[in-house]
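# Tertiary structure, described
Residues per chain, in single letters:
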Amino acid sequence: MEWYTSDIGEALPLKFDSDLQSRTLNIVCRVIIESSENIYLSTHKMNFDGNYYKPLLLKTPTIRRSIGIYDRKFKISNVDLSISNIEQNGEIFSDILSITSLINARTRIFFQTQTATTSDDSFEVYVGSVGEVIHNKSEVSIKLEDYTQQKLNIELPTKKVATLPSTKYEDKSNLRAD
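The structure presented is a predicted model; accordingly, all values stated were derived computationally and were not measured.

### Let's talk about unusual backbone geometry
Of note in the backbone geometry, Asn89 takes a positive phi value of approximately 55° without being a glycine. In this fold, Asn89 is placed in the loop between strand S9 (79-84) and helix H2 (95-99). You can call Asn89 exposed: its relative accessible area is 71%. Even without being a glycine, Asn104 presents a positive backbone phi close to 70°. For Asn104, the location among the structural elements is in the loop between H2 and strand S10 (106-112).

Listed below in structure tokens is the structure:
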């Protein structure tokens, strides 16, 4: 796999970077929800790396990241996936929810360009976990939480230290050097 580091410091696959420079650009979003049976979604109907991606994504998700250098704050965006819940090929997406819980399922979002032939040619733009699933008759909304947030949000203390007898107020007069 060959990579190129862009001006913004992100490692881009060479094919992806080359396509960004071309006159014609076609970017497709792919989503993989890793559960007992992986769920493959896209904005377009496609077969990729031996998997069928259902064209159920209603829109390309918006992903925002920022780092405040002066205030030292790292802002992590949560991502909303809008998925069609209309029957397609005899299946309704929300039926999956009665079989499998998607909460905390690892989810990966990729952008790929027209010349991508393998996953190595795609740009992985987001890795997170499912935090919330809401659905109605026509749409399923999945809220993803960035994995960085889970790593940074640590409950303290992580360990309890055994209580030792206090020596702070102990009589230390017998410790004088003669």
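Further notes follow.
### Considerations on the confidence of the model for the protein chain
Close inspection of predicted coordinates is inappropriate for parts of the model with low pLDDT. Residues of the protein chain with pLDDT of at least 70 account for 74%, and the chain-wide mean is 79. Contacts from residues 1-9, a stretch scored under 50 in pLDDT, to residues over four places away or in other chains number 16 contacts.

### Observations concerning helix H1 (residues 14-21)
Every buried residue belonging to H1 is among Phe16, Asp17 and Asp19, and all of these are buried. Relative to the axis of H1, the buried residues are bounded by an arc of 160° and lie together on one face.

### Structural notes on the packing of aromatic side chains
With the rule as written, the count across this model stands at one aromatic pair. When the ring of Tyr40 is compared with that of Tyr53, the centres are 5.2 Å apart and the planes differ by 70°; the resulting orientation is edge-to-face. Taken as a pair, Tyr40 in strand S4 (residues 39-42) and Tyr53 in strand S6 (residues 51-53) lie far apart in primary sequence, 13 residues in all. The pair formed by Tyr40 and Tyr53 is uniform in burial state, with each residue classed as buried. Over the ring of Phe110 we find Arg30, and its NZ or CZ is 4.6 Å from the ring centre.

What counts and how
- Residues numbered from 1 in each chain as written.
- Predicted model: local features only at pLDDT ≥ 70, side-chain atom pairs only at ≥ 80, totals over all residues.
- Heavy atoms only, no water.
- Helix = DSSP H or I, 4+ residues; strand = E, 2+ residues; numbered from the N terminus.
- Buried < 20%, exposed > 50% of the residue type's maximum accessible area, 1.4 Å probe, protein only.
- pLDDT = per-residue confidence, 0-100.
- Contact = heavy atoms within 4.5 Å.
- Arc of directions from axis to C-beta.
- Phe/Tyr/Trp six-rings, centres within 6.5 Å; stacked < 30°, edge-to-face > 60°.
- Lys NZ or Arg CZ within 6 Å of the ring centre and 35° of its normal.

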